[in-house]
Every structure is written in C-alpha cells, then in structure tokens.
Amino acid sequence: MTHKSHCFAALALVAAAGALAVVVLTGSGGRGSAQAGPISRAAPAILTARAASGDKPRVLLFTATPATLPPTGGAVKLRALVANATSCRFAAQQKLRSLPHSVGCASGKASVTLHFKANTGASRRTYNFTLLLSGAHGKLKAPAVAVHEAGHGPSGTSSLSTTATPQVTLNPASETIAAGATASFTAAASGTPAPSVEWLVSTDGGTTWNLVIGASSPTYSFTATAADSGEEFEAIFWNSFSAATTSAATLTIGTVPQVTTQPSGVTVAAGSAASFTAAASSSPAPSVQWQVSTDGGNTWGSIAGATSPTYSFTTSWQESGYQYRALFTNAVGAVATGAAALTLTPQTSSNWSGYVASGGTFSAVSGAWTVPSVSCSSSPTSSADWVGIDGETSNTVEQDGTESDCSGGNASYDAWYELFPANEVKLSTSSYHVYPGDSMTASVSVSGHVWTLVVSDSTEGWRSDTQVTLSSTVPAQSSAEWIAERPEIGSSLQSLANFGTVAFTAASATDATTSGPISAFTFAPVEMIGSTPGDLLAQPSELDATGADFTDTWYGSS
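Residues numbered from 1 in each chain as written. Predicted model: local features only at pLDDT ≥ 70, side-chain atom pairs only at ≥ 80, totals over all residues. Heavy atoms only, no water.

Engineer: Hey, could you run me through the overall build of the chain in this one?
Structural biologist: For the chain, the helix and strand inventory stands at 0 helices and 48 strands. Put simply, the chain has 558 residues, and 45% of those count as buried. Once local pairs closer than 6 in sequence are excluded, the contacts in the chain between residues at least 24 apart make up 65%. As displayed, the chain offers around 23,700 Å² of accessible surface, 51% of which is attributable to carbon and sulfur atoms. (Helix = DSSP H or I, 4+ residues; strand = E, 2+ residues; numbered from the N terminus. Buried < 20%, exposed > 50% of the residue type's maximum accessible area, 1.4 Å probe, protein only. Contact = heavy atoms within 4.5 Å. Areas by Shrake-Rupley, 256 points an atom, 1.4 Å probe, with all protein chains shown as cover.)

Engineer: When you look at the nonpolar core in this model, what are you seeing that I'm missing?
Structural biologist: Looking at soluble globular proteins, one finds that nonpolar side chains tend to be buried together. Core analysis: the largest hydrophobic core is formed by 65 residues, its most contacted members being F276, W290, Y324, L342, W482 and I518. Counting residues in hydrophobic clusters, the runner-up holds 27 residues, among them V82, V103, L131 and V147. (Core = buried A, V, L, I, M, F, W, Y, C linked by side-chain atoms within 4.5 Å.)

Engineer: Where do I start with the packing of aromatic side chains in this structure?
Structural biologist: Two aromatic rings, taken as a pair, are described by how far apart their centres are and by the angle between their planes. Going through the model one piece at a time under the given rule, you end up with 22 aromatic pairs. Plain terms: the ring middles of Y220 and F233 are 6.0 Å apart, the flat faces sit at 55° to each other, and that makes the pair tilted. Placement of the pair is Y220 in strand β17 (residues 219-223) and F233 in strand β18 (residues 232-238), with a sequence separation of 13 residues. Pair check on accessibility: Y220 and F233 agree, each one buried. (Phe/Tyr/Trp six-rings, centres within 6.5 Å; stacked < 30°, edge-to-face > 60°.)

Engineer: Please clarify how the pairing of strand β15 (residues 196-202) should be interpreted in this entry.
Structural biologist: Among the 7 residues of β15, 6 are classified as buried, and the element is accordingly described as predominantly covered. Here β15 runs beside β18; their pairing, made up of 7 bridges, is antiparallel. In the strand pairing of β18, L200 is matched with E234. (Pairing = 2+ DSSP bridges.)

Engineer: Would you mind showing me how to read the sheet that holds strand β10 (residues 138-149) here?
Structural biologist: Note: strands within a sheet are paired through backbone hydrogen bonds, in either parallel or antiparallel orientation. The sheet built from 5 strands is open, its strands ordered β4-β10-β9-β6-β7 with mixed pairing. The two strands at the open ends of the sheet, each matched to only one other strand, are β4 (68-69) and β7 (101-104). As paired elements, strand β6 (residues 87-92) and strand β9 (residues 125-135) share 6 bridges and run antiparallel to each other. Paired with S87 across the two strands is S134, which belongs to β9.

Engineer: Explain the state of the cysteines to me, please; I cannot follow it from the model alone.
Structural biologist: Formally, a disulfide is one covalent bond, and it connects the sulfur atom of one cysteine to the sulfur atom of another. The tally for this structure, following the rule as stated, stands at 2 disulfides. Between the sulfur atoms of C88 and its disulfide mate C105 the distance is 2.2 Å. In this structure, the disulfide formed by C88 and C105 twists by about 90° around the S-S bond and is classed as right-handed. Remark: C105 occurs in the loop between β7 and β8 (109-116) and C88 occurs in strand β6; sequence separation between them is 17 residues. We classify C105 as buried; its relative accessible area is 1%. One disulfide bridge connects C376 with C406, the sulfur atoms lying 1.9 Å from each other. Across the S-S bond linking C376 and C406, the dihedral sits near -70°, which makes this disulfide left-handed. (Disulfide = S-S within 2.5 Å.)

Engineer: Sorry if this is basic, but what is going on with the pattern of salt bridges here?
Structural biologist: Pairs may arise between side chains of opposite charge once their charged atoms sit close together. Scanning the model with the defined rule gives 6 salt bridges in all. Here E403 makes a salt bridge to K426, at a shortest N to O gap of 3.4 Å. With E403 in strand β35 (residues 397-407) and K426 in strand β37 (residues 425-426), the pair connects residues that are 23 residues apart, well separated along the chain. Given the relative accessible area of 40%, K426 is considered partly exposed. E424 serves as the salt-bridge partner of K426, at 3.4 Å between the closest nitrogen and oxygen. Note on E424: relative accessible area 31%, which makes it partly exposed. Taken together, the shared-partner salt bridges in this structure form one network comprising E403, D414, E424 and K426. (Salt bridge = Lys/Arg side-chain N within 4 Å of Asp/Glu carboxyl O.)

Engineer: I tried to follow the environment of A91 on my own but got confused; where do I start?
Structural biologist: Inspection of the secondary structure assignment puts A91 in strand β6. For A91 and S102, which are 11 residues apart along the polypeptide, the C-alpha to C-alpha distance reads 8.9 Å. Sequence-distant contacts of A91, defined by excluding residues within four places in its chain, comprise L99, N128, F129 and T130.

Engineer: What exactly am I supposed to notice about the side chain of E485 here?
Structural biologist: Inspection of the secondary structure assignment puts E485 in strand β41 (residues 479-485). The side chain of E485 sits in the buried core without any salt bridge; R486 is the nearest counter-charge, 8.7 Å away. Within the local environment of E485, its side chain forms a polar contact with the side chain of N351, the two groups lying 3.5 Å apart. Discounting residues that sit within four places of it in the chain, E485 has contacts with N351, W352, S382, S383, A384, W386, L496 and M528. (Lys, Arg positive; Asp, Glu negative; His and termini not counted. Polar contact = N/O pair within 3.5 Å; in protein donor to acceptor, adjacent residues only side chain to side chain.)

Engineer: Is there a simple way to think about the environment of V197 in this case?
Structural biologist: Inspection of the secondary structure puts V197 in strand β15. For V197, a relative accessible area of 7% corresponds to the buried category. Sequence separation of V197 and I236 is 39 residues, and the distance between their C-alpha atoms is 5.6 Å. Every residue in contact with V197, bar those within four places of it in the chain, is listed here: A215, S216, S217, P218, A235, I236, F237 and W238.

Engineer: Looking at this model, I keep getting lost on the pairing of β9. Mind explaining?
Structural biologist: In the case of a regular strand, side chains alternate between the two sheet surfaces. Looking at chain direction, β9 and β10 are connected through 10 bridges and run antiparallel. Looking at β10, one finds that N128 is bridged to A146. Counting the residues in the hairpin turn of β9 and β10 gives 2 residues.

Engineer: How should I be thinking about unusual backbone geometry in this particular structure?
Structural biologist: What you tend to see is this: most non-glycine residues have negative phi, and most peptide bonds are trans. For the bond from T65 to P66, the omega torsion is -5°, close enough to zero to count as cis. By the element assignment, P66 lies in the loop between β3 (58-65) and β4. In this model, T192 is joined to P193 through a cis peptide bond whose omega is -5°. Locating P193 in the fold gives a position in the loop between β14 (188-192) and β15. Unusually for a residue other than glycine, D390 sits at a positive phi of about 75°. In the Ramachandran plot, Q477 falls in the positive-phi region, its phi being about 55° despite a non-glycine side chain. Along the chain, the position of Q477 falls in the loop between β40 (462-469) and β41.

Next up, the structure:
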C-alpha cells in the first residue's frame, strides 16, 4: 500500500466501560468536524500536519490510560495526538485540582498525568474528560473519554477484568532501501487483552507525529519514493489497561554504489609490493571488500582484512596472473569493479640466480644438486651452488655448498660453508673431494644460537658436519635460498663460470608454521643480470610439479 495518497477518512472509537478510553478522529469534508463511525481501513493515507491555509485543528488520537482504577486510586495519563493546534486544554465535569490544564501542542503531542486518591465511598465513580484544541484557524472540542474508579463495598466494587499493560517486545528497525523498493517496519507488544496497534509517521525529525490511516497491523509496508527519505515511523499499542509506544525507526532512501575509479593492472617484480586502488560513491557510503580470482575471473574469493580503498601486499611468484577486484556494498546494493591483473617478473640480482622464499622465520633449509662441469677459457671465472638462510633482506647469510672455478684454463672444485660476515671456510680438498657429476646434498639449520651446516657427497662417500654458536650476532632468519652464484672477492664480483645447467632437487625449508618445498612458501625466482640492461647471466626455470625441483642455466659471464 502507498501511504502518500492524501485521502482523508473519518473514524471514531470510544471504548466501552472498563476498556481504555480512546478517541481517534480526523477531519472529513469540512475541516475540523468530528464524526463518529466505524473504523475504516479502505483508504490508507497519512494525516499530515503540514496544513494548508485555513485548516482547522484536528484530533488524531485521544486516550486516557488506564480507563479503570481500583478503589485505592492511582495515576491516569491523558494523551493526545493533534494537528493544526497550538494549545490543548484537558477538562473534566468534576472539579479536579490539576484541571483545567492547558499545554502547548504545536508539536502535535500533548499529555497530562492525574493522580487519584482512594475512593472511600461505596459508589463507583466515573470521570469524563474532554479535550479542547485551539489553533490559528479555530477551535475543536473532542468527544469525551471516560475513566471509571471502583468504590468500596459490594455495591461499589467494579468487576475489573484481568488486564496487563502493553509492553513493547519488538521495536521497528531503521532501514535503508532504494527508491521504488518496499519499506517494511514491524513491531510487537504483549498485553492482556492483546493490544491493538496503529502506526504513526513523522516527516520533521520526530517533532510532529501523524496517524497512518489503515496501518493497523504489526507490520506496515509500502512502496517508498525518494521523498520518503528521513521519515520516522513508530507504532502505538493499546488495550483496556494502558498504551505503549515503540521507539522510532528511520527510513533512508539510498543509492546503489557506482564505481568512480576502476583498479588498474599492476606489473612488479615478484617479492615486491603491489597495490590496487578503487573508489565508488553512493548514499550511504559503501564499504569495500577486495576479492581475488586465481582462475581467470571464473570464481572470486574475499581477501581477509582487505577492506580499504587501496589493497597493498607483498607478492609471491605463484600469484602472477591473479586478478583482483573491489566489491562495494551498502544497504541498498552492491557493485564490483572490473578485474585488474597482477603480472609478476622475476627478481633480479647481480650475483644470484635461483629461488628465494620469504615471509617467515626460517630455521632450516636443504637441497640437492649435481656438480656441474664448467667450461673454462683463459679468463678466470667462478661459480657456486648453495643453499642458505638470510641474505635477501638481511645483512647476514648462513650457507653451504660447492664451488666451481676456472683459472688459467683449468677447472677446480671444492666444498665450503660460510656464516657471513665471517669469511668463507673451504673444506679440505684432500679429505673432501669434489668432482663434476658428484651428487651433493646440503643443509643449514639452527636451534637456539647453534647453527649446523651439513655438506655431503654421496658419490665420493663423505659428509661434513659443522656446528657454530652465534651468541653475539643474531641472524634475522628472514629468507631461505637455493642459488647459483657468481662469488664476490673483496668488493669485486667475479665473472660467472660457464656451468651450463645445474639441476636443484628436493629443495625444502622450515619456518615457524610450515615445512615443505619451495612452493609451500611465499617465493620468487631470481635472475642474474650484468651491468648492461638486458644482459642476462643466469636464469632459473619454473618449479616442477612437486614445487621442489628446478634447473638454473648459464647465459653469460659478466
């Protein structure tokens, strides 16, 4: 039903003795005339207090609660809802100390509470109250409401039915909807007998309230328009004992979010930060939730904690090709931005080529490889293959592996370990022989301050275990690596020996929460580049299906 058709209906109700005294009136035909008759719900309308010139005062609701009093007396509240009146005067046929009582009622409301002493007589007493309205365009006297007070003794005792005052059990909830949608407010109250209900509306922030004709059910629904935004609604419940009014609920007419800034695609090096930004406008202002798709936009999942217009994060290689979008939502609706793709490029280094895992506190790293056979020229070159902890974002490195060097056209091979910034320690070549094609494994682990570095050659049948206590230098343990390197001697990088291809296998690590292959962590490939832009020296392959194996290929020396 719509509540905006200004079709005025006449209705009046005067309760029988023993019930709540209620008068509900509206103007009909000539403004200000009070006509008694059955309650009509056929012409739903709002009785508006925004009167045209010449409108006379009107009574919307006039009640006395409770309508019955025991012989001991009590309090009675007279309450009125009116329109086009500036002054309301309550009166009674009997002389009561607190009456006549005139109050200002330009707000649309007027009330007064009377206190009755005990009725010491045997006769039942009846009080008839009237209401006189005065306004700029005349006066109106409302029909009387009655309050009955029982007396003492058999002849004066009223037979008062069992009653319970209405108690609001459900207040209507404010809601925000789009224009053209259905607004619906629901309220409930308990009481004996079960209370009746009428809905009231205020269009001026609760200053004046008007009866919604036809809205006499616990739920009031209507099709809302933009002009309804800000209106307030409340329900009044009454039975033969008293009345209760709910709190007010506000209707807000909002708009569906509209995207004003679409996120753009981002290309960055793996392991670095990426940021996506989006914006939308609406009333009320929308919330935002970033979502990610890992299957080309077929399905989307929300990103925990990504609820700001800009979503920034540290990238991992496996996220390359992921798509991101922002979902803006308010009480009226939701809209998603277009998708923006994340493109990742390998990290670059002047001396490393391989894989780096980060994002945790690493306590162990291990891997295996076959010692490559280096091709030597007359120029000195060097290469090293190793596993280690730290070095990517920290000033220490704990590592061990093998080295392949060329000098005077001849190749040499050895094993070593290092806890940088301390110097590298080479294992004795007389006890720990290393040859091209040997199957090597290496690991680095830490427990407390004790670091254990293990290098073994299953082909030659040897193993080296070294333990070092670092009590003063506390490594960050912020990354794990599997690397082919061109070593640095002093402050000079050596030319990279042509190692062809080296295959790393069984690459794994352990941090505070995870133990597994490279792919179990936030990881990124690293390419080795020379001093000239575009000069590629070495490059790792993609990880295989196990996430633990890859090859590294030589492309240039410097």
